[in-house]
Amino acid sequence: MSALDLLKKEHLLIQRYLDNLSVAQDLLIERENVPPSVITTAIRFAKDFMSKTHHFKEEYVLFLKLAEKKGGALDPQITSLRDQHERSRGLVAKIKETLNGYEKGDEVAFSALAENMGYYVSLEKSHLHRENHVFYPMAEEVFSAEEMAGFDAEFAKIDEKQGKGTFEKGVEMVEAIEADMKEKFGAVYRDRYEDAVKTHEHS
Ligand SMILES: [Fe+2]
Ligand SMILES: [Fe+2]
């Protein structure tokens, strides 16, 4: 699998994660008690899979190589993509701050969690869309197959640092979120999840 194919495969998993969170967020807005385990696993996925694995590959390999190749012409765009990564981390921290109060049934924490979850999902969805439709195609044009193959080893190093089976661990976390949502909300979850998938497939 080429380096860019790996990033795209990671995007698909992230998209599945975001579709689940968008269902969870809708239910939170309706004052439904989403299991706290869904939120804690979502935070873990954001940190372990998105920041340490996916964003790391983009920032320290793909963006860097693109910047070198384009001699600074892409710097403003890269800075803005990095800024989105940074703000995404900030929103995850905010979600984490409200978790304790949420578990205790605090109303302010409840609505703050729902809001921050919404900002987070919306930011991540537009970020993914932008990378899929603008940035990755640009990388495909700029780099030869040989250059792209050179990234494979660097990507492998990043994954090894996180221990073996990084992608599989990411899949397990998303599956855990889905299992908890299914157990709590049953058919309501299933229908809304299908709707969430349809919505982004049409966008
Ligand atoms: Fe990114
Ligand atoms: Fe990405």
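Everything below is about the structure printed above this text.
Note on numbering: residues in each chain are counted from 1, in written sequence order. Labels are handed out in written order, letters beginning with A for the chains and numbers beginning with 1 for the ligands. Under the rules for a predicted model, residues below a pLDDT of 70 receive no local features and side-chain atom pairs below 80 are neither given nor counted, while totals for whole chains, interfaces and linings still include all residues.

## Topic: the overall build of the protein
What counts as a helix is a DSSP run of H or I of at least four residues, what counts as a strand is a run of E of at least two, and both are numbered from the N terminus. Of regular secondary structure, the protein possesses 6 helices and 0 strands. Sequence-ordered secondary structure for the protein, helices as α and strands as β, is α-α-α-α-α-α. Over its C-alpha atoms the protein spans a radius of gyration of 18 Å, differing by no more than 12% from the 17 Å that the globule rule assigns to 203 residues. Judged by the C-alpha coordinates and their principal axes, the protein covers about 55 × 35 × 30 Å. Around each residue's C-beta, the other C-beta atoms within 10 Å are counted; 20 or more make the residue buried, 12 or fewer make it exposed, and counts in between make it partly exposed. All C-beta atoms are placed from the backbone. Taken across its 203 residues, the protein has 30% of its residues classed as buried. Think of it this way: build a C-beta for each residue from its backbone, and any pair within 7 Å is a contact. Long-range pairs, those at least 24 residues apart, make up 80% of the contacts in the protein between residues at least 6 apart in sequence. Both definitions apply: the radius of gyration is a C-alpha atom measure, and the globule rule equals 2.2 Å times residues to the power 0.38.

## Remarks on unusual backbone geometry
Even without a glycine there, the phi angle at Arg31 is positive, about 65°. By secondary structure assignment, the location of Arg31 is in the loop between helix 1 (3-29) and helix 2 (36-69). By the C-beta count within 10 Å, which is 10 here, Arg31 ends up exposed.

## Topic: the nonpolar core
The biggest cluster of nonpolar side chains holds 29 residues, and the ones touching the most others in it are Ala24 and Met117. Listing elements by their share of this core, those giving two or more residues are helix 1, helix 2, helix 3 (75-103), helix 4 (107-142) and helix 6 (166-202). In terms of residue count, the dominant contributor to this core is helix 1 (8 residues). Residues within four places of Ala24 in sequence aside, it is in contact with Val34, Val38, Met117 and Met181. Working definition: the nonpolar core is a set of buried Ala, Val, Leu, Ile, Met, Phe, Trp, Tyr and Cys residues, joined through C-beta atoms within 7 Å. Core analysis: the next-biggest nonpolar cluster, separate from the first, contains 12 residues, Leu62, Leu81, Ala139 and Phe155 among them.

## A look at helix 5 (residues 145-161)
At 3.6 residues per turn, the α-helix brings residues three or four places apart onto the same side. Expected span of a helix: the number of residues minus one, times 1.5 Å. The terminal C-alpha atoms of helix 5 lie 25 Å apart, and with 17 residues this matches the ideal 24 Å at 1.5 Å per residue to within 8%. Of the residues flanking the end of helix 5, it is Gly163, one or two places downstream, whose phi is positive at about 95°.

## As for helix 4
The end-to-end C-alpha distance of helix 4 is 50 Å, a good match for the 52 Å that 36 residues give at a rise of 1.5 Å each. We define the bend at any residue as the angle between the axes fitted to the seven residues before and including it, ending there, and the seven starting there. Bending of helix 4 peaks at approximately 40° at the position of Glu131. Of all the positions in helix 4, only Leu113, Ala114, Asn116, Met117, Tyr120, Val121, Glu124, His127, Glu131, Phe135 and Ala139 are classed as buried. The inward-facing, buried residues of helix 4 contact helix 1, helix 2 and helix 3.

## What about the packing of helix 2 against helix 3?
For any two helices packed against each other, the geometry comes down to the angle between their axes and how far apart the axes lie. In the contact formed by helix 2 and helix 3, the axes pass within 11 Å of each other and the chain directions differ by 165°. For the element pair helix 2 / helix 3, the angle class is roughly antiparallel. Where helix 2 crosses over helix 3, the two elements pack in a sense that is left-handed. Contact residues: Pro36, Ile39, Ile43, Ala46, Lys47, Ser51, His55, Glu59, Phe63, Leu66 and Ala67 in helix 2; Asp75, Ile78, Leu81, Arg82, His85, Arg89, Val92, Ile95, Lys96, Leu99, Tyr102 and Glu103 in helix 3. Only the stretch in contact is used when fitting a helix axis, every axis being a line fitted to C-alpha atoms; angles between N-to-C directions are given from 0 to 180 degrees. Oblique is the label for any angle not under 35 degrees, not over 145, and not in the 65 to 115 range, which are roughly parallel, roughly antiparallel and roughly perpendicular in turn. Left-handed describes a crossing whose near helix is turned anticlockwise from the far helix by less than a right angle; the clockwise case is right-handed.

## Overview of the packing of helix 3 against helix 4
One way to put it is that helix 3 packs onto helix 4 with a least axis distance of 9 Å and a crossing angle of 155°. As far as their axial angle goes, helix 4 and helix 3 are roughly antiparallel. Here helix 3 and helix 4 pass one another in a crossing that is left-handed. The residue makeup of the contact of helix 3 with helix 4, split by class, is 15 nonpolar, 6 polar and 3 charged. Charged residues are taken to be Asp, Glu, Lys and Arg, nonpolar residues to be Ala, Val, Leu, Ile, Met, Phe, Trp, Tyr, Cys and Pro, and polar residues to be all remaining types, Gly included.

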